[in-house]
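# Structural description and commentary
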Amino acid sequence: TCGAIVESEVLFLSLSRQDSVAWNKMLSAYVMHGHEGKALLLYRQMQEEGVITDAHTLVYALQASANLVGKEQVEISCSQRQSSKRIALEIGQGLHSLVRKKRFMKDVFLGNSLISMYGKCGAITEAEIVFSALWQPDVVSYNAMLSSYVNKQQGEMALQLFRDMQENGIAPTELTFVIILQACAILTLKEDLLCQQKREEMSVALEIGKALHIDAERKGFMSDIVVGSSVMNMYAKCGGILETKNLFGIFSNSSIVPWNTILSAYIRDGQPEEALTLLRKAQKQHAIFDDLTLTSIL
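Parameters and conventions
Residues numbered from 1 in each chain as written. Predicted model: local features only at pLDDT ≥ 70, side-chain atom pairs only at ≥ 80, totals over all residues. Heavy atoms only, no water. Buried < 20%, exposed > 50% of the residue type's maximum accessible area, 1.4 Å probe, protein only. Helix = DSSP H or I, 4+ residues; strand = E, 2+ residues; numbered from the N terminus. Arc of directions from axis to C-beta. Contact = heavy atoms within 4.5 Å. Expected span 1.5 Å × (residues − 1). Polar contact = N/O pair within 3.5 Å; in protein donor to acceptor, adjacent residues only side chain to side chain. Salt bridge = Lys/Arg side-chain N within 4 Å of Asp/Glu carboxyl O. Axes fitted to C-alpha atoms, helices over the stretch in contact; angles between N-to-C directions. Parallel < 35°, antiparallel > 145°, perpendicular 65-115°, else oblique. Nonpolar A, V, L, I, M, F, W, Y, C, P; charged D, E, K, R; others polar. pLDDT = per-residue confidence, 0-100.

Moving on, we come to helix H1 (residues 5-14). Among the residues making up H1, those that are buried are Ile5, Glu9 and Phe12. The buried residues of H1 occupy an angular sector of 65 degrees when projected down its axis, which confines them to one face. In H1, the exposed positions angled more than 90 degrees off the buried face are occupied by Val6, Val10, Leu11 and Ser14. Looking at the buried side of H1, the elements it contacts are helix H2 (20-32) and helix H3 (36-48).

Bringing helix H12 (residues 225-237) into the picture now. Its 13 residues give H12 an end-to-end C-alpha distance of 18 Å, which sits within 8% of 18 Å, the value for a rise of 1.5 Å per residue. Looking at where H12 begins, the residue whose side-chain oxygen comes 2.8 Å from the main-chain nitrogen of Val226 is Asp224. Following H12 by one or two positions, Gly239 has its phi on the positive side, about 85 degrees.

A word on the pattern of salt bridges. Within the structure shown, the criterion is met by 5 salt bridges. Residue Arg86 is joined to Glu90 by a salt bridge in which the shortest nitrogen-to-oxygen separation is 3.2 Å. Taken together, the positions of Arg86 and Glu90, both in helix H5 (residues 84-101) and 4 residues apart, correspond to about one turn of that helix. Of the charged contacts, one joins Arg218 and Asp215 as a salt bridge, the two residues approaching to 3.3 Å between their closest N and O atoms. In this pair, Arg218 and Asp215 both sit in helix H11 (residues 195-218), 3 residues apart, roughly one turn of the helix. A relative accessible area of 63% places Arg218 in the exposed class.

Our focus in this paragraph is the packing of helix H10 (residues 174-186) against H12. The interhelical angle for the contact between H10 and H12, taken along N-to-C directions, is 10 degrees, at an axis separation of 9 Å. Put simply, H10 runs roughly parallel to H12. Here Glu174, Val178, Leu181, Cys184 and Ala185 of H10 lie close against H12, whose contacting residues are Val226, Val227, Ser230, Val231, Met234 and Lys237. Of the residues assigned to the contact of H10 with H12, the class counts are 8 nonpolar, 1 polar and 2 charged.

Quick look at the confidence of the model for the chain now. Summary statistics for the chain give a mean pLDDT of 87 and a share of 91% for residues scoring 70 or more. Within the chain, strand S2 (residues 80-82) has the poorest average pLDDT of any element, 46, and helix H8 (residues 139-151) the best, 97. Low confidence marks residues 75-81, where pLDDT is under 50. Its contacts with residues over four positions away, or in another chain, come to 12 contacts.

Here we take up unusual backbone geometry. A positive phi angle is found at Arg103, which is not glycine, with a value near 60 degrees. In this fold, Arg103 is placed in the loop between H5 and helix H6 (108-120). A relative accessible area of 77% means that Arg103 is categorised as exposed. Notably, Gln153 is not glycine yet its phi reads approximately 60 degrees, a positive angle. Relative to the elements of secondary structure, Gln153 occurs in the loop between H8 and helix H9 (155-167).

This is how it looks when you write it as structure tokens:
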């Protein structure tokens, strides 16, 4: 938990008897601190030594495989170097087979881990199959499936699932709103639409986004900086420049994220002078810029 991985490894190796709990703790430590390769090698060692794997073991192994996605290059063995997404999917499919073999498919934690893994790998059909098979999906299940749709730029499917979630009486969390607000913004990204259709899509997305904003306020989620920034980003992408400016006044002191959001909104709305005026204001307030800020200004 404290990040002292070397010390954890030394203690693990010094144990006179390494039971499944000790193996799982070591797996968890590797996953928690971004050592996915080590976690998967340890899992393979468990298999080779005949250590009993339970649902917790498989959850950690699935999390490790999912977290491989996005890595530049992953080395699982000396002779194997492939794309991270391909490796993650192959390992995840193997783990899924083991979940079926051990008859763990009713375990909601394993189901959620499978959905997340498939979603990060872009295997949306497989994620849907696992989600549909869950006995009682919880809010984590819905968030994992929503995130899968957003990762595949399927905003309409995410919004439909969000409506189903509400009809089934599953209370959304702050994370749910962050994801569904991203789905709302996705509706405006269709490059193949004609200008009139584009305006209509943005209008629909803006109306949905306003409803989500009201709902987030009603639930008390707008005090969360991540939710607030997501609402602001949604307005910026959906053409709600006035709403973006209003929220900027609330969140501008929290981080560089609101500054980047409104800069992008001004540029998208054809107001470069406003963006440069805002830059001077940011400099006076000694705001710390990042790469996105400088890219927007350039």
